[in-house]
Amino acid sequence: MSGLVRRLGKVGVDTSALFLCDMQEKFRPNIRYFPQIVHVASRMLKAAQILEMPVVVTEQYPKGLGPTVAELGDISGAKKVAKTCFTMCVPDVMEHIRQSAGVKSVILCGIETQACIQRTALDLLEQDFDVHVIADAVSSRSMVDRMYAIERLRQSGAFITTSEGMLLQLLGDAAHPKFREVQKVIMESAPDTGLLSLKSE
């Protein structure tokens, strides 16, 4: 029965971690809807900090591709890891998650959808984590790559949702002690990140 419940994709603050993937300066000119994607990811980061969830931030070859963009927000309290491979599931990250007792679900934001997001999700699924891809917080250089990567992830068992949908599921109840703080994050609508154009193609 517990396995069945897990596959429903239910999330809880105490069993979830936020992964923020490779939102770096050199990607800014080429990623579709980059400012909007970062804005949505920043909303997720603020909420995760309010809810005191584990946060992981990776940077792909930062020496060449630059640091994480400043507008993502304060990542000083996050586990920050540099990498070269196309997955966030490097040893330092996985050790950090194992030390964060009880994490069963990973919430995934960042770029690129068909590269590091996809490989990270598949690696996590293989290790029996539930993976929740925030559709309005992932993107690619190509909308075609973004669309088919999201579909591929859905086929592989990842849950595809939106930033607001995820935040409300994490809270679960308007009586949650942090509800009003997170509500302030939710009340400003997320920007358009081109998802409706994907649906129309």
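Described in the following lines is the structure provided in the data block. Because the structure is predicted, anything quoted here is derived from the model rather than measured.

### Section: helix H7 (residues 163–171)
- Taken together, the buried positions of H7 are occupied by Ser-163, Met-166, Leu-167, Leu-170 and Leu-171. Taken end-on, H7 shows its buried residues confined to a sector of 135°, consistent with a single buried face.
- Looking one or two residues past H7, Gly-172 carries a phi angle of roughly 75°, positive in sign.

### Some remarks on the nonpolar core
- In this structure, Leu-18, Leu-20, Leu-72 and Leu-170 are the most contacted members of the largest nonpolar core, which totals 37 residues.
- The set of elements that each furnish at least two residues to this core consists of strand E1 (16–21), helix H2 (34–50), strand E2 (55–60), strand E4 (105–111), strand E5 (130–139), H7 and helix H8 (179–187).
- At 9 residues, H2 tops the list of elements feeding residues into this core.
- With residues near it in sequence (within four places) discarded, Leu-72 still touches Leu-20, Met-23, Val-38, Ala-41, Ser-42 and Leu-45.
- The next biggest cluster of nonpolar side chains, apart from the first, holds 26 residues, and it includes Cys-89, Leu-124, Leu-125 and Phe-129.

### Some words on the side chain of Asp-22
- Summarising the element assignment, Asp-22 is placed in the loop between E1 and H2.
- Classification of Asp-22 as buried rests on a relative accessible area of 1%.
- A polar side-chain atom of Asp-22 sits 2.9 Å from a polar atom in the side chain of Thr-58.
- Polar side-chain contacts of Asp-22 include one of 2.9 Å to the side chain of Lys-83.
- Discounting chain neighbours no more than four positions away, the residues touching Asp-22 are Phe-27, Thr-58, Glu-59, Gln-60, Lys-83, Ile-111 and Cys-116.

Basis of the calculations
- Residues numbered from 1 in each chain as written.
- Predicted model: local features only at pLDDT ≥ 70, side-chain atom pairs only at ≥ 80, totals over all residues.
- Heavy atoms only, no water.
- Buried < 20%, exposed > 50% of the residue type's maximum accessible area, 1.4 Å probe, protein only.
- Helix = DSSP H or I, 4+ residues; strand = E, 2+ residues; numbered from the N terminus.
- Arc of directions from axis to C-beta.
- Core = buried A, V, L, I, M, F, W, Y, C linked by side-chain atoms within 4.5 Å.
- Contact = heavy atoms within 4.5 Å.
- Polar contact = N/O pair within 3.5 Å; in protein donor to acceptor, adjacent residues only side chain to side chain.

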